[in-house]
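Next come the chains, spelled out residue by residue.
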Amino acid sequence: VTEPDFAPPGGESLNAFRERVRQGCERIMPLLIDRREVVFLMHGNVIRALMSLIVNQDKAHNEWDIPNSGGYRLYFKNGEFVCCEKSGMDFYVIRA
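Attention here is on the structure that accompanies the text.

Conventions used here
- Residues numbered from 1 in each chain as written.
- Predicted model: local features only at pLDDT ≥ 70, side-chain atom pairs only at ≥ 80, totals over all residues.
- Heavy atoms only, no water.
- Helix = DSSP H or I, 4+ residues; strand = E, 2+ residues; numbered from the N terminus.
- Contact = heavy atoms within 4.5 Å.
- Areas by Shrake-Rupley, 256 points an atom, 1.4 Å probe, with all protein chains shown as cover.
- Phe/Tyr/Trp six-rings, centres within 6.5 Å; stacked < 30°, edge-to-face > 60°.
- Lys NZ or Arg CZ within 6 Å of the ring centre and 35° of its normal.
- Polar contact = N/O pair within 3.5 Å; in protein donor to acceptor, adjacent residues only side chain to side chain.
- Axes fitted to C-alpha atoms, helices over the stretch in contact; angles between N-to-C directions.
- Parallel < 35°, antiparallel > 145°, perpendicular 65-115°, else oblique.
- Nonpolar A, V, L, I, M, F, W, Y, C, P; charged D, E, K, R; others polar.

Secondary structure assignment for the chain yields 2 helices and 5 strands. Reading the chain from its N end, one meets helices and strands in the order α-α-β-β-β-β-β. Taking the intrachain contacts of the chain between residues at least 6 apart in sequence as the baseline, contacts between residues at least 24 apart amount to 27%. By element, 49% of the accessible surface of the chain is carried by carbon and sulfur atoms, the whole surface being about 7,200 Å².

Under the defined criterion, the tally for this structure stands at 0 aromatic pairs. Positioned over the ring face of Trp-64 is Lys-59, at 4.1 Å from the centre of the ring.

Let us now look at the side chain of Ser-52. Mapped onto the secondary structure, Ser-52 falls in helix H2 (residues 44–54). A polar side-chain atom of Ser-52 sits 2.6 Å from a polar atom in the side chain of Arg-18. Setting aside residues no more than four positions away along its own chain, Ser-52 makes contact with Arg-18, Gln-57, Lys-59, His-61 and Trp-64.

Turning our eyes to something else, we now look at the packing of helix H1 (residues 14–32) against H2. Where H1 meets H2, the axes come as close as 10 Å, and the angle between the chain directions of the two elements is 75 degrees. Between H1 and H2, the crossing angle belongs to the class labelled roughly perpendicular. Between H1 and H2, the residues in contact are Phe-17, Arg-18, Val-21, Arg-22 and Cys-25 and Asn-45, Val-46, Ala-49, Leu-50, Ser-52, Leu-53 and Ile-54, respectively. Looking at side-chain class alone, the contact of H1 with H2 contains 8 nonpolar, 2 polar and 2 charged residues.

Below is the structure:
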């Protein structure tokens, strides 16, 4: 993405979209604290935004490969997500 602040007429910019995803994530994080496992089903672009926001902010939004019908497995420990590595079947595993 060369212009993350560009918004087409009637649309939103990538940065505005990422901010909206970040705000949604902040709203649901308190609900996850006492959960053993949580499953979220979402559009690939939302997954990209979350991964670039909470796992690796140095990796660009469009650099996250989202396989068709694939996803990511995240482990949340001590208040953060850490260490992303690729696992089998096009799933990604985050290990603390």
